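These are the residues of each chain, in order.
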Amino acid sequence: MLGGRAVLVSSMSTVLFFAVIALIVVLAPGSEVVAERFFDPFHLRQSLLGTESEPSVAGAFLLNVYIFTISELLILILALIIAVVRGIPGPVFFPFRMVAIAYTDLFRGIPLILVLYIIGFGVPGLGLGVVSYLSDVTYGIIALVLVYSAYVAEVYRAGIESVHESQNAAARSLGLSRWQSLRFVLLPQAVRRVIPPLLNDFIGLQKDTALVSVLGSIEAARAAQIYGASQFNYASYVVAALLFVLITIPLARFTDHLIARDKRRRQAGTVA
Amino acid sequence: MNSGEARGETPALVLQDVHKSFGENEVLKGIDLTVEPHEVVCLIGASGSGKSTLLKCVNLTEPVDSGRIVVEGEEITSSRVDVNRVRRKIGIVFQAFNLFPHMSVRENITLAPRQVLKLDRKAAEGRALELLESFGLVDKRDEYPDRLSGGQQQRVAIVRALAMRPSLMLLDEVTSALDPELVAEVLGVIKELAGEGMTMLIATHEMGFARDIANRVCFLEEGRILEQGPPGKIFTSPDNSRTRQFLQRIIAAGRL
């Protein structure tokens with residue numbers, strides 16, 4: 001931990017750092033305009049709660065929460081399936097492995113906003129009955145799940161490959177099948193190791209829910225835009241930004257906590 | 001199937017002309033070996049002589065290139081054999097323990113009996129506790145592997161293999177990764193097993209132990225069994241000059 005002197009130095013440096021930033025903002029030629037346009041207390045509060053004609057940014061943010069909660073659950077499952085399929089050995093499964101590889105290559109390569117357009121405007125155009133009449137939010141979730149599963153599948157795969165081959169040998173030598181070894185021995189160790197990078201991807205996902213607005217859904221960023229456009233005040237953007245940060249910080253701290261715990265555990269292991 | 005049936009019983013293990021190569025490197029060059037029920041056979045020889053590979057082939061971790069391996073009358077090198085079922089009968093303990101680090105001792109031991117033998121939790125735990133009790137590990141049942149000493153980990157690994165009630169145990173250099181002061185507790189456990197009549201095929205560098213415990217010692221060099229016989233004979237008056245050279249090196253190194 002930090003010593004007394006170190007705490008003093010770090011506090012001084014923090015104060016100085018923010019003082020300089022604040023000074024630049026306050027002394028900037030347009031500082032009064034910015035204060036009025038972005039930080040006006042009245043507009044901060046009004047955009048948060050909404051008016052009769054403008055949607056509440058806080059209310060709209062619930063849609064972001066809904067989108068990323070559903071997406072994260074689906075991504076955890078789909079990505080795991082892709083990672084496992086990619087690792088199945090044997091010539092019979094060659095086409096499955098190819099599909100898994102093509103999937104990750106494709107969806108990691110296309111910008112999310114393009115996937116949103118292609119799914120959100122393309123699938124309804126297909127005229128495929130129910131599939132073509134889903135809500136904008138649902139198409140948004142599908143696009144997010146498709147793109148993020150490609151990333152998370154690679155995270156899982158790295159985790160599975162990091163578990164030493166001798167663990168599989170031990171499991172198989174006890175008579176466990178390939179699938180049982182994966183389920184009880186390899187995956188539990190792999191998932192533990194990839195929790196930090198996995199949560200990191202989820203932090204990215206939470207912010208990217210704002211992009212679903214391109215399909216017409218009124219989520220926090222779009223609600224802020226509507227407020228800004230009609231009131232000529234951008235405090236709504238600051239409010240939306242704060243809401244995203246507020247929901248991201250706990251996840252970021254939780255990730256740090258898991259990394260620290262894993263480190264402690266491993267160090268305890270080497271001493272014993 | 002009529003080789004080596006000295007006592008009219010089916011042999012626990014028969015190897016006939018087993019060959020195994022890794023690429024260009026032929027590691028096993030025609031191994032013939034029979035292990036009778038309740039027999040303890042020790043494989044000795046320098047590193048790279050093929051001891052570990054032989055055990056891996058018996059456990060079907062490595063496929064053989066040619067030859068037959070027969071366990072209790074069943075040819076396990078046949079392509080039709082169910083690998084998972086064969087492995088239930090054969091316990092193997094590795095040099096590096098290979099315990100599952102995310103599971104407690106109890107979970108390590110009960111995993112295979114529950115998932116493979118389909119025992120219910122109570123039966124599997126009963127079996128595990130009984131074994132832990134008899135090997136003096138019962139107070140470690142809820143510990144995780146990384147909180148145990150190497151000797152304790154290796155004893156747990158032995159218990160984990162025994163929980164499947166195998167008819168044959170393969171031990172692959174099980175004391176080589178241990179600090180010297182921890183070797184005795186592991187060897188003690190193996191001696192206990194031998195006393196109970198467990199059939200064992202043991203690859204080892206511990207010559208004193210091999211002399212103590214083995215009914216038969218096989219000397220391997222460059223993928224062949226050059227000489228085999230009772231330990232009294234092999235360690236005192238071996239016929240083969242290569243065996244003599246090997247043992248002289250061991251004695252010079254102070255390990256016998």
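Residues numbered from 1 in each chain as written. Chains lettered and ligands numbered in written order. Predicted model: local features only at pLDDT ≥ 70, side-chain atom pairs only at ≥ 80, totals over all residues.

What follows covers the overall build of chain B. Within chain B one finds nine helices and 10 strands. Across its three principal directions, the C-alpha atoms of chain B cover 55 × 45 × 40 Å. Every one of the 256 residues in chain B was classed for burial, and the buried ones make up 45%. When contacts within chain B are restricted to residue pairs at least 6 apart in sequence, those whose partners lie at least 24 apart make up 65%. (Helix = DSSP H or I, 4+ residues; strand = E, 2+ residues; numbered from the N terminus. Buried ≥ 20, exposed ≤ 12 C-beta atoms within 10 Å, placed from the backbone. Contact = placed C-beta atoms within 7 Å.)

We now examine the overall build of chain A. Looking only at helices and strands, one finds 11 helices and zero strands in chain A. For chain A, the succession of helices and strands along the chain, N to C, is α-α-α-α-α-α-α-α-α-α-α. Computed over C-alpha atoms, the radius of gyration of chain A comes to 24 Å, more than 25% over the 19 Å expected from 2.2 N^0.38 for 272 residues, which places it beyond the range of a compact globule. With the principal axes as the frame, chain A shows a C-alpha extent of 70 × 70 × 25 Å. The buried share of chain A, reckoned over its 272 residues, is 29%. Restricting the contact set of chain A to residue pairs at least 6 apart, pairs at least 24 apart contribute 73%. (Rg over C-alpha atoms; globule rule 2.2 N^0.38 Å.)

This part is about the interface of chain A and chain B. Chain A puts 18 residues into the contact, and the matching count from chain B is 19 residues. Taken together, the residues of the side of chain A that touches chain B break down into eight nonpolar, eight polar and two charged. (Nonpolar A, V, L, I, M, F, W, Y, C, P; charged D, E, K, R; others polar.)

Residue pairs spaced three or four apart in an α-helix point in one direction, given the helix's 3.6 residues per turn. When the terminal C-alpha atoms of helix α9 (residues 241-252) of chain B are compared, their 16 Å separation across 12 residues agrees well with the 16 Å that a helix rising 1.5 Å per residue should span. With its phi angle positive at about 75 degrees, glycine 254 of chain B sits one or two positions after the end of α9 of chain B. (Expected span 1.5 Å × (residues − 1).)

Moving on to the packing of helix α3 (residues 105-115) of chain B against helix α4 (residues 121-134) of chain B. Residues and elements named next belong to chain B. Interhelical geometry of α3 versus α4 gives an angle of 125 degrees and a closest axis separation of 9 Å. As the angle between them shows, α3 and α4 are arranged oblique. In this structure, α3 crosses over α4, and the sense of that crossing is right-handed. In contact with Arg106, Ile109, Thr110, Pro113 and Arg114 of α3, α4 contributes Arg121, Ala124, Glu125, Arg127 and Ala128. Here the contact of α3 with α4 is built from residues that sort into four nonpolar, one polar and five charged. (Axes fitted to C-alpha atoms, helices over the stretch in contact; angles between N-to-C directions. Parallel < 35°, antiparallel > 145°, perpendicular 65-115°, else oblique. Left-handed = near helix turned anticlockwise from the far one by under 90°.)

Right, let's talk about helix α3 (residues 41-49) of chain A for a bit. Along α3 of chain A, the residues classified as buried are His43, Gln46, Ser47 and Leu48 of chain A. Trailing α3 of chain A by a residue or two, glycine 50 of chain A shows a phi angle of about 90 degrees, which is positive.

Taken together, four strands build an open sheet; the order of strands is β2-β1-β4-β5 (chain B) and the sheet is antiparallel. What marks the edges here is a single partner per strand, and that holds for β2 (25-35) and β5 (74-75) of chain B. (Pairing = 2+ DSSP bridges.)

With that settled, consider unusual backbone geometry. Leave glycine aside and you will find that most residues have negative phi; peptide bonds, for their part, are mostly trans. Residue and element names in this part refer to chain B. Of note in this structure, asparagine 98 is not a glycine but carries a positive phi near 55 degrees. Along the chain, asparagine 98 turns up in the loop between β6 (90-93) and α3. A positive phi angle, near 50 degrees, is found at arginine 165, a position not held by glycine. In this structure arginine 165 comes out as exposed when scored by C-beta crowding, with 12 C-beta atoms within 10 Å.

With that out of the way, let us pick up the sheet that holds strand β9 (residues 216-221) of chain B. All names here are of chain B. With mixed pairing, the six strands of this open sheet are ordered in space as β6-β7-β8-β3-β9-β10. For this open sheet the edge positions go to β6 and β10 (224-229), each flanked by a neighbour on one side alone. With strand direction ignored, the average angle separating the axes of adjacent strands in the sheet is 20 degrees. Sitting on the sheet, helix α5 (residues 150-162) is in contact with β6 and β7 (168-172), with an inclination near 170 degrees to β6.

Below, the discussion takes up the environment of arginine 160 of chain B. Residue and element names in this part refer to chain B. In this fold, arginine 160 is placed in helix α5. Given 27 C-beta atoms within a 10 Å radius, arginine 160 is considered buried. When the C-alpha positions of arginine 160 and leucine 132 are compared, they lie 9.5 Å apart, and in sequence the two are 28 residues distant. Discounting residues that sit within four places of it in the chain, arginine 160 has contacts with Asn108 and Ile109.

All names here are of chain B. Among the secondary structure elements, histidine 38 is positioned in the loop between β2 and β3 (40-44). By the C-beta count within 10 Å, which is 15 here, histidine 38 ends up partly exposed. Measuring from C-alpha to C-alpha, the distance between histidine 38 and arginine 141 comes to 29 Å, with 103 residues separating the pair along the chain. For histidine 38, the contacting residues outside a window of four places in its chain are Gly197 and Thr199.

This brings us to the nonpolar core. In this structure, Val57 of chain A together with Leu201 of chain B are the most contacted members of the largest nonpolar core, which totals 131 residues. Those residues within four positions of leucine 201 of chain B in sequence are excluded, and the remaining contacts are Leu13, Val35, Val41, Leu43, Leu55, Val58, Leu168 and Leu170 of chain B. (Core = buried A, V, L, I, M, F, W, Y, C linked by C-beta atoms within 7 Å.)

On a regular strand, one side chain projects to one face of the sheet and the next to the other, so that they alternate. All names here are of chain B. When strand β1 (residues 13-22) meets β2, the two strands line up antiparallel, connected through eight bridges. Paired with valine 14 across the bridge in β2 is threonine 34. Counting the residues between successive antiparallel strands, the hairpin from β1 to β2 contains two residues, one of them, glycine 23, with a positive phi of roughly 65 degrees. Here five bridges tie β1 to strand β4 (residues 66-71), and the two strands are oriented antiparallel to one another. Bridging across to β4, histidine 19 finds its partner in serine 66.

All names here are of chain B. Of the two faces of β6, the one holding Ile90 and Ile92 and the one holding Gly91 and Val93 are both buried throughout. Strand direction decides the pairing type here: β6 and β7, joined by four bridges, are parallel. Residue pairing for β7: isoleucine 90 is matched across the bridge by leucine 168.

Residues and elements named next belong to chain A. With respect to the element layout, valine 123 can be found in helix α6 (residues 112-126). Expressed as a C-alpha distance, the spacing of valine 123 and valine 7, which sit 116 residues apart in the sequence, is 57 Å. Ignoring sequence-local partners within four residues, the contact set of valine 123 consists of Val131, Ser132 and Tyr139.

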